[in-house]
Amino acid sequence: MIIVTTNEVPGYRIDAVLGEVMGMTVRSANIGANFVASFRSIGGGEVKEYTQLVYESRQEVMHRMVQEAQRRGANAVVGMRFDTGEIAASFSEVCAYGTAVVVSPIPAGQPGATAQSAHQAQGGAPAPQQGGHAPQDAAPDQPAWR
C-alpha cells in the first residue's frame, strides 16, 4: 500500500478513484498516566505519557484507514491527512483520512516515469510497503503500524 500526502503518486498513474477512507479512534489516558503527567507538567518539557498515547493513536488510525482502503480494492491512498480533536476535555480523537485509489506504475520511457515505477512496471519488486520499519519520527519503543 502506497500512502502519500500529495494528490498524486510520482511515477504512477491513477486508474480509479474509490472514495474517501478513514480510520478513527477516541482515547483517554489511564488514571496513572494522567497522574504522572500532571506532575511532569509542573517542570515543563515533554509529557511522555501523552506522547506515547498520540503515537499509538496515530498507528491505530493509519491501520484502520489502510484496512478500509484494501477492502475497497485500493493499492494506494492519496491526500492522506491526520486530524485531531478533543471531546469533553478528557478524550482525544485522532482521525487519518485520504482518498483510496488504484495506481499503476508508469513504464520507463513514458512521461512521468520514475526509476521506482519503471522497475515495478518491468515486473520488479512491488512498491515499498508501509510498516516494514519504524519511521524516523516514530517512538523508539513502538513498532511502526502494520
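Scroll up for the structure.
Since the model is a prediction, treat every value here as computed from it, not as a measurement.

The rules we used
- For every chain, the first residue of its written sequence is number 1, and the numbers climb from 1 along that sequence.
- At least 70 in pLDDT is required for a residue's local features to be given in this predicted model, at least 80 for side-chain atom pairs to be given and counted, and no such filter applies to totals for whole chains, interfaces and linings, which use all residues.
- Computation of side-chain values covers all heavy atoms of the structure but excludes hydrogens and water.
- Runs of E in the DSSP output that reach at least two residues are strands. Runs of H or I that reach at least four are helices, and both are numbered from the N terminus.
- Working definition: with a 1.4 Å probe on protein chains only, accessible area under 20% of the residue-type maximum means buried, over 50% means exposed, and in between means partly exposed.
- Accessible areas in this description were obtained via Shrake-Rupley with a 1.4 Å probe; residue shielding takes into account the shown protein chains only.
- Here, a salt bridge means any Lys or Arg side-chain nitrogen found within 4 Å of an Asp or Glu carboxyl oxygen.
- Think of it this way: DSSP has to see at least two bridges between two strands before they count as a pair.
- What we call a nonpolar core is a set of buried Ala, Val, Leu, Ile, Met, Phe, Trp, Tyr and Cys residues that are connected through their side-chain atoms within 4.5 Å.
- It only takes one pair of heavy atoms within 4.5 Å for two residues to be counted as in contact.
- Stacked, edge-to-face and tilted are the three classes for Phe, Tyr and Trp ring pairs, Trp counted by its six-membered ring, which pair at centre distances within 6.5 Å; planes under 30 degrees apart are stacked, over 60 edge-to-face, the rest tilted.
- By the criterion adopted, a ring carries a charge over it if an Arg CZ or a Lys NZ lies within 6 Å of its centre and within 35 degrees of its normal.
- A residue counts toward a patch only above 30% relative accessible area and without a salt bridge, and it is joined to like-charged neighbours within 9 Å or, for Val, Leu, Ile, Met, Phe, Trp and Tyr, to nonpolar neighbours within 5 Å.

Looking only at helices and strands, the protein chain features three helices and four strands. Ordered by position from the N terminus, the helices and strands of the protein chain form the series β-β-α-α-β-β-α. For the protein chain, the residues scored as buried account for 34% of the 146 residues in total. In the structure as shown, the protein chain presents an accessible area of about 8700 Å², 54% of it carried by carbon and sulfur atoms.

The subject of this paragraph is the pattern of salt bridges. This structure, assessed with the given rule, holds three salt bridges. Where glutamate 68 meets arginine 72, a salt bridge forms, and the shortest distance between an N and an O atom there is 3.0 Å. The partly exposed category is assigned to arginine 72, whose relative accessible area is 37%.

The strand order across the open sheet formed by four strands is β1-β3-β4-β2, and the pairing between neighbours is mixed. With partners counted over all chains shown, the strands left at the sheet margins are β1 (2-3) and β2 (12-27), one partner each. Taken together, the ten bridges between strand β3 (residues 76-87) and strand β4 (residues 91-105) define a ladder with antiparallel strand orientation. Bridge pairing links glycine 85 to glutamate 93 in β4.

So, on to the nonpolar core. Core analysis: the biggest nonpolar cluster contains 14 residues, and Ile3, Met65, Ala69, Val77 and Met80 have the highest contact counts within it. For this core, the secondary structure elements donating two or more residues are α2 (48-71), β3 and β4. No other element matches α2, which puts five residues into this core. Residues within four places of alanine 69 in sequence aside, it is in contact with Met1, Val21, Ala74, Val77 and Ala100. Grouped together as the second largest cluster of nonpolar side chains are eight residues, Val4, Val9, Tyr12 and Val78 included.

Turning our attention to the packing of aromatic side chains. For any two aromatic rings, the description comes down to two numbers: the centre-to-centre distance and the angle of the planes. Tallying each qualifying case throughout the model produces zero aromatic pairs. Stacked on the ring of phenylalanine 82, the Lys or Arg arginine 58 has its end atom at 3.6 Å from the ring centre.

With that out of the way, let us pick up the side chain of serine 57. Looking at where serine 57 falls in the secondary structure, it is placed in helix α2. Looking at serine 57, the relative accessible area reads 2%, which means it is buried. Those residues within four positions of serine 57 in sequence are excluded, and the remaining contacts are Thr25, Arg27 and Val94.

Another aspect to go through is a nonpolar patch on the surface. A grouping of Met22, Met24 and Tyr97 is seen on the molecular surface, where their side chains present a nonpolar patch of about 250 Å² in accessible area. Positionally, methionine 24 belongs in strand β2.

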